[in-house]
Amino acid sequence: MQNWLSQNDFKYRVKRTVYIIISLALMFFYFGVFTELRTENVSHSELSKLTSLLSKESLLHAFGEIPYFFTIVRVPLKDEAWEALVSELVTGVNLKDPRTFLRGELPEFDLFDTDIVAAGKGVDYTDIPVDLPPPADLQPHPNKGVPPHEENNDVNSPTKPEEESPKNKIVYIYNTHYTESFLPELHRTNPDQAYDVQISVRSVGQKLKEELEKMGIGAQFSNKLYTGVYYPRLYQASRKTVLTAMKQNGNLQYFIDIHRDSRRRKKTTISLNGKDYARISFIIGALNPHWQENKKLALQLHYELEKLYPGVSKGVFVKNHEEGNGEYNQSISPRSILIEIGGVDNTMEEEYRSTKAFAQAFAAVYLEGKALPVNAQPDTQP
């Protein structure tokens, strides 16, 4: 009997050793390939593709101790943890999380990793905003063919004399995915081709600046183009732009990154008082220390927009690295948000209409019930 137990124990130890060797081989192989890639084609997203397959418990067990600011989390290495780690690396399945069995099999199942904090009219998990990258041929050099004088342009682009604009610029507006565009404006039908440098969300950012300044709220718009930046690195590039603006202007308090959804018209449009509006989504990244404050601001704007234009807001969505960037440069400030206005099928007229609505909601939140300018009231005429 004792001999039989010893044999089983020996087989178990051999099996465990083989698992460990395989897992280490896979990890060394991955990191070997990773380091061989050219620097410009590598970002944190590549590493996240590997780590997203693992639960946080497996990651902790795999590395034993993880520094986090001034403390160290130590986790004892257990036999079961190594087996779970190998299982997740090889199959992508966490035995303790049933969702991992389905994530790779059901389209858009990973959207359930997004939390709907506040839902707009008729919104459920099938309405969660989706951020799809451009086709591969548009990613490495999205600005191919752009006139040289328009590259690296980072100006306020005022539409009226500077002396007439509010002197204190407190809102900073920018577009990380500045090539996101709209099919009707491009006269195209393929959503994979809804990208353009000239006709894009940059115009929506400019419009928001104009609407805010009409209401006496100073705004600065960055018209920055990130020439030749590899798509996954755009958030890193726009982060530098925002940090530079903060150093140059200490009055900046709010930071708004404007995007558009990749979903189709039915999910991104609503009719109100006889007019079509591009629906607005507020996206918060959970992987930053300010996310609760960012969420609080987004909720204030959502509820104010609901009061002024019921249904225009799709709601507030919190995303992590498993379904999105997870950070969105929001660690820069507790008053930093990302908004998606409309989708690939919306027109610029609908975009501008909703941008004005958002500006009115922002003014109401910023002024906190104080007397609003006349043009901060909602449009009620059909």
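Before reading further, recall that the structure is shown in the block above.
Parameters at a glance
Residues numbered from 1 in each chain as written. Predicted model: local features only at pLDDT ≥ 70, side-chain atom pairs only at ≥ 80, totals over all residues. Heavy atoms only, no water. Core = buried A, V, L, I, M, F, W, Y, C linked by side-chain atoms within 4.5 Å. Buried < 20%, exposed > 50% of the residue type's maximum accessible area, 1.4 Å probe, protein only. Helix = DSSP H or I, 4+ residues; strand = E, 2+ residues; numbered from the N terminus. Contact = heavy atoms within 4.5 Å. Phe/Tyr/Trp six-rings, centres within 6.5 Å; stacked < 30°, edge-to-face > 60°. Lys NZ or Arg CZ within 6 Å of the ring centre and 35° of its normal.

Trainee: Give a detailed account of the nonpolar core, specifying residues and quantitative values.
Mentor: If you look at the biggest cluster of nonpolar residues, it comprises 44 residues, and the most contacted ones within it are Val-171, Phe-282 and Phe-358. It is helix α11 (residues 348-367) that provides the largest number of residues to this core, a total of eight residues. If sequence neighbours within four positions are ignored, Phe-282 has contacts with Ala-298, Leu-301, His-302, Leu-305, Ser-313, Gly-315, Val-316, Phe-317, Ile-337, Leu-338, Ile-339 and Phe-358. Within the second largest apolar cluster, eight residues are counted, among which are Tyr-178, Val-197, Val-229 and Tyr-231.

Trainee: Could you give an account of the packing of aromatic side chains, naming the residues involved and the relevant values?
Mentor: As enumerated under the stated definition, the model contains ten aromatic pairs in all. Ring centres of Tyr-172 and Phe-255 lie 6.4 Å apart, and the angle between their planes is 55 degrees; on these two criteria the pair is classed as tilted. Taken as a pair, Tyr-172 in strand β4 (residues 169-174) and Phe-255 in strand β6 (residues 254-259) lie far apart in primary sequence, 83 residues in all. Here Tyr-172 and Phe-255 have matching classes, each one buried. Measuring from centroid to centroid gives 6.4 Å for Phe-358 and Phe-362, while their planes differ by 40 degrees, and the two rings are tilted. Taken together, the residues Phe-358 and Phe-362, both in helix α11 and four residues apart, mark about one turn of the helix. We classify Phe-362 as buried; its relative accessible area is 2%. One aromatic cluster is present, formed by Tyr-254, Phe-282, Phe-358, Phe-362 and Tyr-366 through successive ring pairs. Note that Lys-207 overlies the ring of Tyr-352, its terminal NZ or CZ placed 5.5 Å from the centroid. Residue placement shows Arg-353 over the ring face of Tyr-277; its charged tip is 5.8 Å from the ring centre.

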